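Topology and contacts: notes
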Amino acid sequence: MIVYTVSLMLMCIGIYTVLAKESLLKKVIGLSIFTNGIHLLLISLGYTKGGLAPILTTIDLRRLSLFVDPLPQALVLTSIVIDLSITALAVAVIIQVHRKFKTSSSKELNTLRG
Amino acid sequence: MDIIIKTTTRLLFPLILVFGCYIAMHGHLSPGGGFPGGVIIASAVLLLVIAFTQKEVETQLSEIALEDLKSIAGIALLSIVFLEVVLRPDIMHTQTPFTLWSGGVTIFLNIFGSLVVAFGLIIVIYSLIKEEWKSKKSKW
Amino acid sequence: MNNKIASILVACGFFLVFLFAADSFTGQSSNVNKYYTHNALEKTGSANVVNSIVWDFRGYDTLGEETVLFTAIVAVFLVAHKKGLAEEKEEKVR
């Protein structure tokens, strides 16, 4: 229950940062925090009491029912790589916006005309 | 940068490179695999770019050569996948489990996957740091 | 100031809605997980179950994800090196 509350706190901090901060770079950081909170929630759903990490060391078939779920871990690996691609492309677009308009705050960018 | 940072970087760069290659190659025995190994190799080159200036590092690792290497690694990965689907080689009979040479074709997939990720992230680092910003009037 | 108060209210509302829905989160291991852990060593030969899922049992998903990463890296290279109209005219004048 504590892990679910922590991941919900991460999601709320991420949403607050995207909505309330003025600089464009801080909004990108908030999006990354929100994505990491969702990853934490997905992995912690597959935990069983007294579980072990899913790596075999000997040919011993009696302990196989004590492993945690390996399937959400494999899907979250894919999601982390996609989050990296989104962050890199967003930072490249912010660099070009700063070169053209000489500013990178959303309040001043809202008042541009033409 | 200072001489302390330059000397420490010269000592640390090969250690981080070997650590990244270890995590990438032992993907079928311990946690890790292709993607974390490639990121660690790219972070070793990022340490070089921070300590020495980007122009000096680019004379050794040029950007055009990195693009060709990344494409070659991607083509090798695709060719291994298609050859395994079409030919179905029987490598598993010559391997013993729980050693380094095991796991069928996954060891080659791990190596080429880590090379694609590492070279791609070095190109991203070069593109984002490259030119200086001309304006000095803004706050961010 | 109004912006910050509204965003705090949105974050707190998000928190309360999901807190009431968190009672129904139970960890159930389905049949697919038992199949993966019991058959990973015989059919694949690797001792790491997560690695055999990513590269062997569900390998086509990893292939699509590598394509996404490749496209994003090419797009970052093109966007960061593009020059605007004013800089191109400066270079032509020189």
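The rules behind these values
- Residues numbered from 1 in each chain as written.
- Chains lettered and ligands numbered in written order.
- Predicted model: local features only at pLDDT ≥ 70, side-chain atom pairs only at ≥ 80, totals over all residues.
- Helix = DSSP H or I, 4+ residues; strand = E, 2+ residues; numbered from the N terminus.
- Rg over C-alpha atoms; globule rule 2.2 N^0.38 Å.
- Buried ≥ 20, exposed ≤ 12 C-beta atoms within 10 Å, placed from the backbone.
- Contact = placed C-beta atoms within 7 Å.
- Nonpolar A, V, L, I, M, F, W, Y, C, P; charged D, E, K, R; others polar.
- pLDDT = per-residue confidence, 0-100.

**Observations regarding the overall build of chain B**
The secondary structure content of chain B amounts to five helices and zero strands. For chain B, the C-alpha radius of gyration of 19 Å lies well beyond 14 Å, the compact-globule estimate for 140 residues. Principal axes of the C-alpha set define a box for chain B whose edges measure 65 × 30 × 30 Å. Here chain B holds 140 residues, and 29% of them are scored as buried. Sequence-distant contacts, at least 24 apart, represent 76% of the contacts inside chain B between residues at least 6 apart.

**A word on the overall build of chain A**
Within chain A one finds four helices and zero strands. Listed by position from the N terminus, the elements making up chain A come as α-α-α-α. On C-alpha atoms alone, chain A measures out to a radius of gyration of 20 Å, which is more than a quarter above the 13 Å that the 2.2 N^0.38 rule sets for 114 residues. By principal-axis analysis of the C-alpha atoms, chain A measures approximately 70 × 30 × 15 Å. Within chain A, the fraction of its 114 residues that count as buried is 19%. Taking the contacts inside chain A whose residues are at least 6 apart along the sequence as the reference set, 48% of them involve residues at least 24 apart.

**Re the interface of chain A and chain B**
One frequent convention defines the size of an interface as the accessible area lost when the parts assemble. Contact with chain A, which involves 15 residues of that partner, is made by 10 residues of chain B. Looking at the side of chain A that touches chain B element by element, the count peaks at eight residues for helix α3 (residues 71-101) of chain A. Residue composition of the side of chain A that touches chain B, grouped by class: eight nonpolar, five polar and two charged.

**Digging into the confidence of the model for chain B**
All names here are of chain B. For chain B, mean pLDDT is 85; residues scoring 70 or higher make up 93% of the total. No element of chain B has a lower mean pLDDT than helix α4 (residues 63-87), at 82, and none a higher one than helix α1 (residues 3-25), at 95. Interface confidence for the predicted complex, expressed as ipTM, amounts to 0.84; the pTM equals 0.86.

**Let's talk about the environment of B:Val49**
Residues and elements named next belong to chain B. You can see Val49 is positioned in helix α2 (residues 34-51). Since 17 C-beta atoms lie within 10 Å of it, Val49 is described here as partly exposed. With 47 residues separating them in the primary sequence, Val49 and Thr96 have C-alpha atoms 42 Å apart. Among all residues touching Val49, those that are not within four sequence positions of it are Gln54, Val57, Ile125 and Ile129.

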